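As a plain string of letters, each chain reads:
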Amino acid sequence: MKLIVGLGNPGPTYSKNRHNIGFLIVDKLIEDFNASDISSKKFYGNLYKKGDILLLKPTTFMNLSGKSVQSVASFYKINSDDILVIHDEIDLPYGAIRIKKGGGNGGHNGLKSIDSLIGKDYYRLRVGVGKPQKKEMVASYVLSDFNEDEQKSLEKLIDYSANVAKKWLELPLEELKSKYSKKDITQIWKPLATLPKSILKIF
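Residues numbered from 1 in each chain as written. Predicted model: local features only at pLDDT ≥ 70, side-chain atom pairs only at ≥ 80, totals over all residues. Heavy atoms only, no water.

Colleague: Please set out the sheet that holds strand 2 (residues 36-37) residue by residue, giving values where relevant.
Modeller: Read across the open sheet, the 7 strands follow the order 2-3-4-1-5-7-6; overall the sheet is mixed. Whereas interior strands pair on both sides, the edge strands pair on one side only; in this sheet they are strand 2 and strand 6 (97-101). Of the strand pairs in this sheet, strand 5 (residues 83-89) and strand 7 (residues 123-128) are connected by 6 bridges, and their pairing is parallel. Its bridge partner lying in strand 7, isoleucine 86 is registered against leucine 125. (Pairing = 2+ DSSP bridges. Helix = DSSP H or I, 4+ residues; strand = E, 2+ residues; numbered from the N terminus.)

In structure tokens:
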């Protein structure tokens, strides 16, 4: 059994926030897999299943995400090697993708909660959302929606990240890193203005 967790905050107020990129990507996976809803109060989140794959969106709010992850992992006897957590990463530019196992939490409250309850030795799909100029603006920044320019490429970012999560199910970590890491959104999506003129003529 494999568990893919998308981090975010529940409710329409937060649905398009940068902090909710994990939810948005798991929503895409739920759609792609046509996964069945098996949610239960005991899991403290929305849980979906397709074969041996579980997809989880904790509804505890970000700071208590670990409660949901621990509940599902314990019930299904899933160890850390079979858990992937998808989350926003302010220490990466918008659209950057990194995959790693273990390590620090970078001040991310969702990861802090998970670390405290199941340890740090799980996989992380870090999705760059950029950062504000001042440290004191971080909370308001991640709890705000993607800006107009970012929204133009957001669907591509979600699609690409969901594909990386699927590849995690079958490929070793080093191959994932070498093939699917991206430095920013331009490696996934380019606006029309940056495309060759020969291609632009068709639009």
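Colleague: Requested: an account of the pairing of strand 4 (residues 53-58), with residues and values cited.
Modeller: Burial runs high along strand 4: 6 of the 6 residues are buried. Residue alternation in strand 4 divides its side chains into two sets, Ile53, Leu55 and Lys57 and Leu54, Leu56 and Pro58, and both sets are buried. Direction of pairing for strand 1 (residues 2-6) relative to strand 4: parallel, over a ladder of 4 bridges. Across the sheet, the residue bridging to valine 5 is leucine 56, located in strand 4. Pairing geometry for strand 3 (residues 45-50) and strand 4, over 6 bridges, is antiparallel. Across the sheet, residue glycine 45 finds its bridge partner in strand 4, namely proline 58. Connecting strand 3 to the next strand, strand 4, in antiparallel fashion are 2 residues, including glycine 51 with a positive phi near 60°. (Buried < 20%, exposed > 50% of the residue type's maximum accessible area, 1.4 Å probe, protein only.)

Colleague: Describe the packing of helix 5 (residues 148-168) against helix 6 (residues 173-180), with residues and values.
Modeller: With their axes 10 Å apart at the nearest point, helix 5 and helix 6 run at an angle of 155° to one another. As judged from the angle between their axes, helix 5 and helix 6 are roughly antiparallel. Classified by chirality, the crossing of helix 6 by helix 5 is right-handed. Listed contacts from helix 6 to Tyr160, Asn163, Val164, Lys167 and Trp168 of helix 5 are Leu176, Lys179 and Tyr180. Of the residues in the contact of helix 5 with helix 6, the class split is 5 nonpolar, 1 polar and 2 charged. (Axes fitted to C-alpha atoms, helices over the stretch in contact; angles between N-to-C directions. Parallel < 35°, antiparallel > 145°, perpendicular 65-115°, else oblique. Left-handed = near helix turned anticlockwise from the far one by under 90°. Contact = heavy atoms within 4.5 Å. Nonpolar A, V, L, I, M, F, W, Y, C, P; charged D, E, K, R; others polar.)

Colleague: Go over the packing of helix 2 (residues 65-75) against helix 3 (residues 109-118) with me, naming the residues and quoting the values.
Modeller: A pair of packed helices is characterised by two quantities: the angle between their axes and the separation of those axes. Contact geometry for helix 2 and helix 3: axes closest at 7 Å, N-to-C directions at 40°. Comparing their axes, helix 3 and helix 2 come out oblique. Every pair of crossing elements has a handedness; the one defined by helix 2 and helix 3 is right-handed. Across from Ser65, Gly66, Lys67, Val69 and Gln70 in helix 2, the residues of helix 3 making contact are Gly110, Ser113, Ile114, Leu117 and Ile118.

Colleague: So what's going on with the nonpolar core? Residues and values would help.
Modeller: A general tendency of soluble globular proteins is for nonpolar side chains to be buried together. Counting residues in each nonpolar core, the largest one holds 37 residues, and the members touching the most others are Ile4, Leu55, Ile86 and Leu125. Elements represented by at least two residues in this core include exactly helix 1 (21-33), strand 4, strand 5, strand 6, strand 7, helix 4 (138-142), helix 5 and helix 6. When residues of this core are assigned to their parent elements, the largest contribution, 8 residues, is made by helix 5. Not counting the four nearest positions on each side in its chain, isoleucine 86 is found in contact with Ile4, Val5, Gly6, Leu7, Gly22, Ile25, Val26, Leu29, Leu125, Val127 and Ala165. Within the second largest apolar cluster, 17 residues are counted, among which are Leu56, Ala73, Leu111 and Ile114. (Core = buried A, V, L, I, M, F, W, Y, C linked by side-chain atoms within 4.5 Å.)

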